[in-house]
Amino acid sequence: MSKVIIDCDPGIDDALALLLAASAPELEIVGVTTVSGNVPADVGAQNARKALRQAGRLDIPVYMGAMAPLQAPYTDARDTHGQDGLGESFLPEVPGAFPACSAGAFLEETLEREETAVIALGPLTNLARLFQRRPELVERIPRLVSMGGNFKSHGNCSPVAEYNYWCDPDAAQICYQAFSQAGKILEMVGLDVTRKIVLTPDRLAYMERLDPETGAFVRAITRFYMDFHWEQEGILGCVINDPLAVAYFLDPSLCRGLDRFLAVETEGLCRGQTVVDAMDFWKKQPNSRVLTQVDVRGFWRLFLSGILKGLNGRPAPDLPEEGKAVGKEEPAYEW
Ligand code: RIB
Ligand code: CA
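Rules used throughout
- Residues numbered from 1 in each chain as written.
- Chains lettered and ligands numbered in written order.
- Predicted model: local features only at pLDDT ≥ 70, side-chain atom pairs only at ≥ 80, totals over all residues.
- Heavy atoms only, no water.
- Helix = DSSP H or I, 4+ residues; strand = E, 2+ residues; numbered from the N terminus.
- Rg over C-alpha atoms; globule rule 2.2 N^0.38 Å.
- Contact = heavy atoms within 4.5 Å.
- Areas by Shrake-Rupley, 256 points an atom, 1.4 Å probe, with all protein chains shown as cover.
- Buried < 20%, exposed > 50% of the residue type's maximum accessible area, 1.4 Å probe, protein only.
- Pairing = 2+ DSSP bridges.
- Right-handed = clockwise from strand over helix to strand, strands pointing away.
- Axes fitted to C-alpha atoms, helices over the stretch in contact; angles between N-to-C directions.
- Parallel < 35°, antiparallel > 145°, perpendicular 65-115°, else oblique.
- Nonpolar A, V, L, I, M, F, W, Y, C, P; charged D, E, K, R; others polar.
- Left-handed = near helix turned anticlockwise from the far one by under 90°.
- Near = heavy atom within 4 Å.
- Polar contact = N/O pair within 3.5 Å; in protein donor to acceptor, adjacent residues only side chain to side chain.

This paragraph deals with the overall build of the protein. Helix and strand content of the protein: 12 helices and 13 strands. For the protein, the C-alpha radius of gyration of 18 Å lies close to 20 Å, the compact-globule estimate for 335 residues. Overall, the protein is about 50 × 50 × 40 Å in size when its C-alpha atoms are taken along their principal axes. The long-range fraction of contacts in the protein, counting pairs at least 24 apart against all pairs at least 6 apart in sequence, stands at 80%. Looking at the protein as shown, the accessible area adds up to about 13500 Å², and 53% of this sits on carbon and sulfur atoms.

The structure is reproduced here in structure tokens:
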């Protein structure tokens, strides 16, 4: 069992990632913390509870975190995730007060008590604030897997920047700097790999066929997101970034990448850009594992087997990919 905290900004793909994490027997989710990103942290906290309710895991506590980035003005992503942050599904709220303890206090107390991994699915504001207060706590995080950034992929909220690191670039830079100073590797699940993970209408239909209840939840929260992808990029489906960060945490063989030094631009035209020193110009010790390849079929097997109750623990049968035979194959890493 791995002890883990999931820091997120639910958000449609965050909610799907929480479904996967909550279904994984090998994870001991010590708590979920929210941060302002797609939606403000308080809205995200309620949405995290809605996802945990769907997973039958309201035993997992949710703590509200930073309401604004460290310095940048806060810009949400409601144009992509809907006014409610879950694709305007407006699911019924989960009753009950939230813990008085803030996400920051929860992170600090937990890491003081025991080593805990972190899967970060939103802007890194909560973690950056923690490292500013208690830099030594970096040592208490055996793995930090962050959905964010991009290497050779274009950005998704500017030509060169991915949203989580654009929303709070100072926080992202503080976290990579903290990992550099500690001589540790921060695992970056960026757009180079997550953009290969597209929930298509046929995959959604397959999910509804195998597990109508989970399928209905996924359809309810992704309809808006699919419309957004069609209008913005002409994609028939929607890129679900965050579930890959959880899947990769569970099975690192799903992705390949480069250990390199990385810094984050914090202002100006290229704000939020992850500058990866692929050719080692700066002769600095690597502080990041920049993922560049993903076994897409392997992801879908893990994701669908995890969240579809209708499978009763059986592995998800392969979905026929365009032009590929169904059945046992070597991982199909896509560049
Ligand atoms: O750029 C994609 C990331 O930004 C995802 O984590 C999405 O949920 C938003 O937080
Ligand atoms: Ca997110």
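The next subject is the pairing of strand E1 (residues 2-8). Extensive coverage of E1 is indicated by the burial of 5 of its 7 residues. Here E1 pairs with strand E2 (residues 27-34) via 7 bridges, running parallel. Across the sheet, residue Ile5 finds its bridge partner in E2, namely Gly31. In this region the chain leaves E1, passes through helix H1 (residues 12-23) and returns to the parallel neighbour E2; the handedness of that crossover is right-handed. Sheet topology places E1 next to strand E4 (residues 117-120); 4 bridges connect them, and they run parallel. Within E4, the residue paired with Ile5 across the bridge is Val118.

Here H1 crosses helix H12 (residues 296-307) at 75°, and the two axes come no closer than 8 Å. Judged on the interaxial angle alone, H12 and H1 are roughly perpendicular. Taken together, the residues of H12 that come into contact with H1 (itself represented by Leu16, Leu19, Leu20 and Ser23) are Leu302, Phe303, Gly306 and Ile307. Its residues assigned to classes, the contact of H1 with H12 shows 6 nonpolar, 2 polar and no charged.

What follows is about the side chain of Thr80. Topologically, Thr80 is positioned in helix H3 (residues 78-81). Apart from residues lying up to four places away in sequence, Thr80 is in contact with Ile12, Phe224, Tyr225 and Phe228.

This brings us to the packing of helix H9 (residues 201-210) against helix H10 (residues 212-233). Two elements in contact, H9 and H10, have axes separated by 7 Å at closest approach and are oriented at 155°. On the basis of the axis angle, H9 is roughly antiparallel to H10. Viewed along their axes, H9 and H10 form a crossing whose handedness is left-handed. Together, Pro201, Leu204, Met207, Glu208, Arg209 and Leu210 of H9 and Pro212, Gly215, Ala216, Val218, Arg219, Thr222 and Met226 of H10 make up the contact between the two elements. Considered class by class, the residues forming the contact of H9 with H10 number 8 nonpolar, 2 polar and 3 charged.

A few words now on the site of ligand 1. Near ligand 1 there are 13 residues, and of these Asp13, Asn156, Glu162, Asn164 and Asp242 occur at the shortest range. For ligand 1, an oxygen atom lies 2.9 Å from a polar atom in the side chain of Asp14. A distance of 2.6 Å is found between an oxygen atom of ligand 1 and a side-chain nitrogen or oxygen belonging to Asp242. The fraction of the free accessible surface of ligand 1 (280 Å²) that becomes covered by protein chains is 97%. For the shell around ligand 1, the elements supplying multiple residues, two or more each, are H1 and helix H6 (163-167). Here the shell around ligand 1 is built from residues that sort into 3 nonpolar, 5 polar and 5 charged.

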